[in-house]
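One-letter residues, chain by chain:
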Amino acid sequence: MPNPSGTSAAGGTASIPAFKPVLDIKKDFPVLNRQFGGMPLHYLDSAATTQKPLAVIEAMNTFYMESYGTVRRGVYRLSEKATEAYEGTRKKIAALINAASEREIIYTSGTTQSINLVAYSYGRKFLKAGDEIILSQIEHHANIVPWQLIGEMTGAVIKVIPVDDTGTLILEEYKKLLSERTRIVAVNHISNALGTINPVKEIIRLAHAVPGGTGAGPGGRGAVVLVDGAQSIAHMAVDVRDLDADFYAFSGHKMFGPTGVGILYGKLALLESMPPYQGGGDMIMKVTFEKTTYQSPPHRFEAGTPPIVEVLGLGAAVDYLKKTGLDRIAAHEHALLEYGTAVLKEVPGLRLIGTAAEKGSILSFTLEGVHPHDIGTLLDEDGIAIRAGHHCAQPTMDRFGVPATARASIGPYNDASDLDALAKGLKRIGEMFR
Amino acid sequence: MSRSNELYQQVILDHNKNPRNYRVIPEAELVCEGHNPLCGDHITIYVNVDATGAISDLSFQGNGCAISKASASMMTAYLKGKPIEEAKLIFSEFHDMVRGEFDPKSRENHLGKLILFEGVKEYSSRIKCASLAWHALMGALEKKQSATTEA
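Nothing here was measured: the structure is a model prediction, and the numbers come from that model. (Residues numbered from 1 in each chain as written. Chains lettered and ligands numbered in written order. Predicted model: local features only at pLDDT ≥ 70, side-chain atom pairs only at ≥ 80, totals over all residues. Heavy atoms only, no water.)

Engineer: When you look at the overall build of chain A in this model, what are you seeing that I'm missing?
Structural biologist: Within chain A, the regular secondary structure consists of 13 helices and 17 strands. Against the compact-globule benchmark of 22 Å for 434 residues, chain A has a radius of gyration of 22 Å, which places it among compact chains. Buried positions account for 58% of the 434 residues belonging to chain A. Residue pairs at least 24 apart in sequence account for 69% of intrachain contacts in chain A once pairs closer than 6 positions are excluded. Of the roughly 17,100 Å² of accessible surface on chain A, 55% is carried by carbon and sulfur atoms. A gap of 4 Å separates the mean positions of the 43 positive and 46 negative side-chain charges of chain A. (Helix = DSSP H or I, 4+ residues; strand = E, 2+ residues; numbered from the N terminus. Rg over C-alpha atoms; globule rule 2.2 N^0.38 Å. Buried < 20%, exposed > 50% of the residue type's maximum accessible area, 1.4 Å probe, protein only. Contact = heavy atoms within 4.5 Å. Areas by Shrake-Rupley, 256 points an atom, 1.4 Å probe, with all protein chains shown as cover. Lys, Arg positive; Asp, Glu negative; His and termini not counted. Charge placed at Lys NZ, Arg CZ, Asp CG, Glu CD.)

Engineer: Just checking my understanding: could you explain the overall build of chain B for this structure?
Structural biologist: The number of helices and strands found in chain B is 5 helices and 4 strands. Each helix and strand of chain B, ordered N terminal to C terminal, gives the series α-α-β-β-β-α-α-α-β. The C-alpha radius of gyration computed for chain B amounts to 14 Å, which stays within 12% of the reference 15 Å derived for 151 residues, consistent with globular compactness. The principal-axis extents of the C-alpha atoms in chain B amount to approximately 45 × 35 × 30 Å. Relative to its 151 residues, chain B shows a buried fraction of 53%. When contacts within chain B are restricted to residue pairs at least 6 apart in sequence, those whose partners lie at least 24 apart make up 57%. Surface exposure of chain B reaches about 6,900 Å², of which carbon and sulfur atoms provide 49%. Of the side-chain charges in chain B, 17 are positive and 19 negative, and the distance between the mean point of each set is 4 Å.

Engineer: Got a minute to help me understand the packing of helix H3 (residues 66-79) of chain B against helix H5 (residues 127-141) of chain B in this structure?
Structural biologist: Geometrically, a packed helix pair is captured by the angle between its two axes and the distance between the axes. Residue and element names in this part refer to chain B. Running from N to C, H3 and H5 point in directions that differ by 45 degrees, and their axes come no closer than 6 Å. Judged by the inter-axis angle, H3 sits oblique to H5. Crossing geometry of H3 relative to H5 is assigned as right-handed. Residue-level contacts link Ile 67, Ser 68, Ser 71, Ala 72, Met 75 and Leu 79 of H3 to Cys 129, Ala 130, Ala 133, Trp 134 and Leu 137 of H5. Per-class residue counts for the contact of H3 with H5 are 9 nonpolar, 2 polar and no charged. (Axes fitted to C-alpha atoms, helices over the stretch in contact; angles between N-to-C directions. Parallel < 35°, antiparallel > 145°, perpendicular 65-115°, else oblique. Left-handed = near helix turned anticlockwise from the far one by under 90°. Nonpolar A, V, L, I, M, F, W, Y, C, P; charged D, E, K, R; others polar.)

Engineer: Explain the nonpolar core to me, please; I cannot follow it from the model alone.
Structural biologist: Soluble globular proteins tend to bury their nonpolar side chains together. Core analysis: the biggest nonpolar cluster contains 81 residues, and A:Leu422, A:Leu426, B:Ile45, B:Val47 and B:Phe117 have the highest contact counts within it. At 11 residues, H5(B) tops the list of elements feeding residues into this core. Apart from residues lying up to four places away in sequence, A:Leu422 is in contact with A:Leu44, A:Leu344, A:Leu379, A:Ile384, A:Ile386 and A:Ala408. In terms of nonpolar packing, the next biggest core, distinct from the first, is built from 72 residues, A:Met60, A:Tyr86, A:Met236 and A:Tyr413 among them. (Core = buried A, V, L, I, M, F, W, Y, C linked by side-chain atoms within 4.5 Å.)

Engineer: I'm lost on the interface of chain A and chain B in this one. Help?
Structural biologist: Buried accessible area, meaning the area lost when the parts come together, often serves as the stated size of an interface. At the junction of the two partners, chain A supplies 15 residues and chain B supplies 21 residues. Surface buried jointly by chain A and chain B totals about 1,300 Å² across both partners, of which 51% is contributed by carbon and sulfur atoms. Ranking the residues of chain A by area buried against chain B places A:His373, A:Thr377 and A:Glu381 at the top, with a combined share of 33%. Linking chain A to chain B there are 1 salt bridge. A:Asp374 is the salt-bridge partner of B:Arg126, the closest N and O atoms lying 2.9 Å from each other. Where chain A packs against chain B, one counts 7 residue pairs in polar contact (both at pLDDT 80 or more). Among the elements of the structure, helix H11 (372-380) and helix H13 (416-432) of chain A are those that each provide at least two residues to the side of chain A that touches chain B. (Buried area = accessible area lost by both parts, 1.4 Å probe. Salt bridge = Lys/Arg side-chain N within 4 Å of Asp/Glu carboxyl O. Polar contact = N/O pair within 3.5 Å; in protein donor to acceptor, adjacent residues only side chain to side chain.)

Engineer: Which parts of the structure should I look at to understand the pattern of salt bridges?
Structural biologist: Where charged atoms from two side chains of opposite charge come close, those side chains can pair. Residue and element names in this part refer to chain B. Within this structure, the stated rule accounts for 32 salt bridges over all chains. Residue Asp 57 is joined to Lys 80 by a salt bridge in which the shortest nitrogen-to-oxygen separation is 3.7 Å. With a gap of 23 residues between them, Asp 57 in strand E3 (residues 55-63) and Lys 80 in the loop between H3 and helix H4 (84-98) connect regions that are remote in the sequence. For Asp 57, a relative accessible area of 17% corresponds to the buried category. On the basis of relative accessible area, Lys 80 is assigned to the partly exposed category, the value being 33%.

Engineer: Before we go on, may I ask you to explain empty space enclosed by the protein in this structure?
Structural biologist: Rolling a probe over the atoms, with the probe sized like a water molecule, indicates the empty space that remains. All names here are of chain A. Going through the model one piece at a time under the given rule, you end up with 1 cavity of 30 Å³ or more. Here the largest cavity is characterised by a volume of approximately 60 Å³. Considering the residues around the largest cavity, the lining is formed by Ser 46, Ala 47, Ile 190, Gln 231, His 235, Gly 360, Ser 361, Ile 362, Ser 409 and Ile 410. Of the residues in the lining of the largest cavity, the class split is 4 nonpolar, 6 polar and no charged. (1 Å grid on protein atoms, 1.4 Å probe; cavity = no way out; pocket = protein on both sides within 12 Å on 5 of 7 lines; lining within 4 Å. Points joined across faces, edges and corners; volume = space filled by probe spheres on them.)

Engineer: I would appreciate a short explanation of H13(A) in the present structure.
Structural biologist: Quick reminder: α-helices carry 3.6 residues per turn. Residues three or four places apart thus point the same way. If you check H13(A), its first and last C-alpha atoms are 25 Å apart, about what 17 residues at 1.5 Å a residue would give, namely 24 Å. Burial within H13(A) is extensive, with 12 of its 17 residues counted as buried. (Expected span 1.5 Å × (residues − 1).)

Engineer: Where do I start with the pairing of strand E10 (residues 262-266) of chain A in this structure?
Structural biologist: Residues in a regular strand project their side chains so that they alternate between the two faces of the sheet. Residue and element names in this part refer to chain A. The buried count for E10 comes to 5 of 5 residues, which makes it a mostly enclosed element. Because side chains alternate across E10, one face comprises the buried residues Gly 262, Leu 264 and Gly 266, and the other comprises Ile 263 and Tyr 265, equally buried. Bridge count between strand E4 (residues 105-108) and E10: 4 bridges; the pairing is antiparallel. Bridged to Ile 105 within E10 is Tyr 265. Relative to E10, strand E9 (residues 247-251) runs antiparallel, the two sharing 5 bridges. Counterpart to Phe 247 in the pairing with E10 is Gly 266. (Pairing = 2+ DSSP bridges.)

Engineer: Where do I start with the sheet that holds strand E14 (residues 362-367) of chain A in this structure?
Structural biologist: Whether parallel or antiparallel, the strands of a sheet pair through hydrogen bonds between backbone atoms. Residues and elements named next belong to chain A. The 4 strands lie next to each other as E13-E14-E17-E16, forming an open sheet whose pairing is antiparallel. Each having just a single partner strand, strand E13 (350-352) and strand E16 (387-389) make up the two edges of the open sheet. Looking at each pair of strands side by side, their axes are set apart by 30 degrees on average, direction ignored. Where E14 meets strand E17 (residues 405-409), 4 bridges bridge the pair, whose relative direction is antiparallel. Bridge pairing in E17 places Ser 364 opposite Arg 407. Relative to the sheet, helix H10 (residues 326-345) contacts E13 and E14, its axis offset from that of E14 by approximately 10 degrees. Of the strands in this sheet, E14, E16 and E17 are in contact with H11, which crosses E16 at around 155 degrees.

The values reported here are purely geometric and, on their own, carry no functional implication.
Below, the structure is given as structure tokens:
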């Protein structure tokens, strides 16, 4: 039974630490208060997508009902108001990640498009045969495949930073890979499959120090670094200037906002050096059949009518994040991660995959004799939603010698009852298959 | 009975744990590897056909969930000895059943105990698990080396 205080039922026993909640925000999320088959929903798939608070849903509804119009085109009041709100989200995002200017914030459709934008625009212009792109062994396919495609076009070669048995990047190996041939380093901030928090500040410092010539580092040297922030943006405070990230990519729908909108942060000097990614309306200065000139960043990279209402919803999500507090979210989730790790260790036959010292709130595991898909289907019976599969990270699965894992990922709205239900369900499934 | 208990019946759990014909047929006449790109699971089917056009030996190996493994196990046990044409007919009945397009109670059919898999139709995400081995078998009979559930 979920208990109203959100504290752990099992807390206080010798092996399982008591869970003290920092937040109590389940009530803000309408879907989490519904019953499914007469049971409460235990939503443990926030790494795939987060649920939406009422504030975001209402902001979007209200905008459709009262103020909807196009942006950056109309001369009527509806469009002017919409444009103000639309550009206002850009300022909110810039403040959230401490960007130097809102001109460094590009609206995309999500992390995947953000990475593709850098690969195609920056990569096609600056990469040549023999150049090297460094990725980590635990990337999402979205941070592997675009670089492979660009590698095929330009002749650039991909190198991979290995991880140890806990899922921690081996920095000594990374240092060996860095050379004057390194042009781009692309790594995630938090691994979606394992939860590892990567030392991106150090990764960036080392990349900027290589003797090559992309100009990302001091003195016009160094390689540029793209950070895939899909799993970090809603779970920890991110400061792109402190990290000195060249590009930082994330998705709206993983930070309590709607689907269909994402962000690419890029340092202005880099963005200014880059050609358009897609052509269309709104990204041009002047078009003739002889010659077309382009807008400055960020609009150079935003062809066509954008997802206006989604951007508005994302603005409301940023407000919600700030109100809740990213430090409090991180503290709440970390406490739940420790509690969840302890209760899962009590499940016979369970093996945690990803045991790095620095971890985000992701619990990836296998259960002896039970395929992850069977775990997923059977947990659904108890109202528990988890992800089962390769998590779009097949090289990560290969590294750990498993075809797939089950993954419970925690959001700030989760409490101990969700993890108690998970452990109980897993024990039942283990017995069923024995 | 709860929804998933209907799917994970004892027979299916037993075939998952002790799969029948789970072996390689050395120098099999027909071999086809079936892939489910949605989950990365794969099952290889080995077939020998005799002079009369009947399946004289049938086996499988691979990696999959309980539903795909039990389906492969029961398929091999059920189809061994049957003429290829009958196997193809059973495939189409089975495939239609798990997709919810054929109710095995509505008319006579050739599915026998394979109707255990009817419950799969309630799980749109699991239909391809149940049909993976079958797609691989059809691929093998068409002399293909690989097959996918996305065909």
